[in-house]
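Structural description and commentary
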Amino acid sequence: MGSTSAHNNEGLGRRDLIKRSAALGLIAVPTMSFLSACASGDSGGDEKVDKGKKTEKNPLGVNEGAPLEIVIFDGGFGTKYAEDAKAVYEKTYPKAKIKFSSTQKIRSQLQPRFNGGTPPDLIDNSGAEQMDMGVLVGKKQLTDLTPLLDSPSIDDPSRKVRDTLRPGIVEMGQFDGDPVWIMYYAYTVYGVWYSETALEKLDATYPENWDDMLALCAKAKKKGVAGWTYAGKHPYYLPFSLYPFIAKIGGREVLDKIDNLEPNAWSDPAVKAAFEAYYELFKKGYILKGTPGIDHIQSQTAWTQGKALFIPNGSWVENEAAKTMPADFKLAVGAPSGLDSSDKMPFGTIWASGGEPFIVPKSAKNPDGGMEQLRIMLSEASSKNFTQSVKSLTALNGGTDGIELTPGLRSATAALEKAGDNVVNPRLQDWYVKLQKEQIGVAGLGEMMAGRATPAETIKKIQGFADAAAKDQSIKHYKHQ
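- Under the UniProt heading Subcellular location (unreviewed entry), the entry covering the chain gives this text: "Cell envelope".
- Listed in UniProt under the heading Sequence similarities (unreviewed entry), the comment for the chain reads: "Belongs to the bacterial solute-binding protein 1 family."

Printed below as a string of structure tokens:
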């Protein structure tokens, strides 16, 4: 992807690729108060409701008259899809009273309830105030969702729910061993998002290597259009394209070493090459002026207004930016452009994984009801409703038959097909949230892309953060098995 220094990539000869499926979704940064406070709350709540009788139609043994409380993150996907699924639960269990609410302040509203042992029964733990998954799992705050996964699916009772899910979804919810703590409901394709119309105006196609990327950015600059923008206030969006770029250059094992907090993992030549390539965007003036000071909505708006060609993002952007996206925008997503012919993975290598993480707290009063609501959401009807409503795939493997796909969703589906086995699964975002968001993102990449630190300085700083996390005995450590 870039300059002379970025192309200095000897020692990265080809190796056999590890075939493995997709993995991770969005996690947002918690404050340190949550890291300490959430860990304390595993008692003090009311007793759980009595279990119901297991039947063919009620395989989880839901208490049909027990109340159920659901809290949904009100973000890019909205809440209607969850309300529609709630209506199915109410029809199935008409005696149950359901309390349904939504918020963008998941942590600040629910942290006190976790501490007091009275959390809701089902939580969509997403957004900027998302609770730290690693802490929740490490402190045994969550219910194991294995009973849900082993229950019969609604559409075909001869198949277990786990057998209807996309590759990697079950593994994403596992942190250490067999239990599954999280159900990632959405299926997100991350990458470099762009307007086909904007490229057509420049008589260009999406660049497959970094020299072509730089040439296109130079061409756009002459027309008064920036090459890139990003969520400057939330620079942890940058890894959506940067991490698969690193894997493409050096192989997915480079990301595994980073996830495992191995010494000198960030000093790998693939990391150096990727950082220098992205830094070149800054040096050549190809990043939209003012980007470091804008948030995700402002950067998306500038992008949909044609002020920049490319933005690293996830497939929720089609729904989230719909209000400002022109009808003729022709939204599309590209896998990271390659560096050069020495890359170890082919063009098309991409990050795609589960998003919108749902959890059932361990101290919930009605955990069976929470899991049953998830079983309903994983039906084909609910999945199609989600896809049609918010322009995104779900964890259900399929569920798009008969649906007219939107431009972004059609492009994302095509990107997945092109990637095949070359889908990477960086896990920092759910294993070590503070490291990923505050340190690698804000203190590291944010400073580098604003021109306040060089790639070498940034790599050294990030390695220091990773080494400190590896030595921190107050947090639980995870490794690829």
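**Here we look at the environment of Ser353**
- Among the structural elements, Ser353 can be located in strand β8 (residues 350-359).
- Taking C-alpha positions, Ser353 is 28 Å from Asp328, a pair spaced 25 residues apart along the chain.
- At 3.4 Å, the side chain of Ser353 and the side chain of Trp351 are in polar contact.

**Focus on empty space enclosed by the protein**
- By the definition in use, this model includes one cavity of 30 Å³ or more.
- Approximately 30 Å³ is the volume attributed to the largest cavity.
- In terms of lining residues, the largest cavity is bounded by Ile70, Ile72, Ala82, Lys86, Phe100, Leu122, Gln373 and Met377.
- Those elements that place two or more of their residues in the lining of the largest cavity are β1 (68-73), α3 (80-92) and α15 (367-377).

**Quick word on unusual backbone geometry**
- Although it is not a glycine, Lys140 sits at a positive phi angle of roughly 55°.
- Looking at the secondary structure, you find Lys140 in the loop between α5 (133-138) and α6 (146-149).
- Non-glycine residue Lys330 carries a positive phi angle of around 55°.
- Locating Lys330 in the fold gives a position in the loop between α14 (317-320) and β7 (331-334).
- With a relative accessible area of 38%, Lys330 lands in the partly exposed category.

**Description of the nonpolar core**
- In terms of nonpolar packing, the biggest core is built from 137 residues, with Trp228, Ile246, Trp266, Phe275 and Phe310 touching the most fellow members.
- Looking at which element gives the most residues to this core, the answer is strand β4 (residues 183-195), with 10 residues.
- The residue makeup of this core includes at least three contributed by each of domain 1 (68-187 + 355-409) and domain 2 (189-352 + 425-471).
- When sequence neighbours within four positions are dropped, the list of residues in contact with Phe310 reads Val192, Trp193, Tyr194, Leu199, Tyr206, Pro207, Met213, Leu216, Gly227, Trp228, Thr229 and Trp303.

**Looking at the domain arrangement of the chain**
- Split into domains, the chain comes out as domain 1 (68-187 + 355-409) and domain 2 (189-352 + 425-471).
- Taken over C-alpha atoms, the centre of domain 1 sits 29 Å from the centre of domain 2.
- At the junction of domain 1 with domain 2, the criterion picks out zero salt bridges.
- The interface formed by domain 1 and domain 2 contains six residue pairs in polar contact (both at pLDDT 80 or more).
- When contributions to the side of domain 1 that touches domain 2 are tallied by element, the ones reaching two or more residues are α5, α7 (169-172), β4, α16 (380-390) and α17 (407-419).
- No other element matches the three residues that α17 contributes to the side of domain 1 that touches domain 2.
- For the side of domain 1 that touches domain 2, the per-class residue count stands at nine nonpolar, seven polar and three charged.

**Concerning the confidence of the model for the chain**
- The predicted model of the chain has a mean per-residue pLDDT of 89, with 90% of residues at 70 or higher.
- With pLDDT under 50 throughout, residues 1-45 is counted as low confidence; its partners more than four residues away or in other chains account for 159 contacts.

Reading the values: the criteria
Residue indices follow the written sequence of each chain, beginning from 1 at its first position. Side-chain atom pairs in this predicted model are given and counted only at pLDDT of 80 or more, local residue features only at pLDDT of at least 70, and totals for whole chains, interfaces and linings cover all residues. Side-chain calculation: all heavy atoms of the structure are included, whereas hydrogens and water are not. UniProt positions are given in the numbering used here, feature names are shortened, and annotations may be inferred rather than shown by experiment. A helix here means a DSSP run of H or I that spans at least four residues, while a strand means a run of E at least two residues long, and both kinds are numbered starting from the N terminus. Nitrogen and oxygen atoms within 3.5 Å of one another constitute a polar contact, given that in protein one can donate a hydrogen and the other can accept it, and given that sequence-neighbouring residues count only through two side-chain atoms. Put simply, the grid is 1 Å and covers the protein atoms alone, a cavity is a trapped set of points that fit a 1.4 Å probe, a pocket is an open set with protein on both sides within 12 Å along at least five of seven lines, and lining residues have an atom within 4 Å of a point. Grid points are joined across faces, edges and corners, and a volume is the space filled by probe spheres set on the points. Only protein chains enter the area calculation, which uses a 1.4 Å probe; residues under 20% of their type maximum are buried, those over 50% are exposed, and those in between are partly exposed. Take the buried residues of types Ala, Val, Leu, Ile, Met, Phe, Trp, Tyr and Cys, join any two whose side-chain atoms come within 4.5 Å, and each joined set is a nonpolar core. Domain start and stop positions are those given by an automatic or database domain assignment. Contact criterion: two residues are considered in contact whenever any of their non-hydrogen atoms come within 4.5 Å of each other. The rule for a salt bridge is simple: a side-chain nitrogen of Lys or Arg has to be within 4 Å of a carboxyl oxygen of Asp or Glu. Amino acids are sorted into nonpolar (Ala, Val, Leu, Ile, Met, Phe, Trp, Tyr, Cys and Pro), charged (Asp, Glu, Lys and Arg) and polar (every other residue, Gly among them). Here pLDDT means the predictor's own confidence in every residue, given as a number from 0 to 100.

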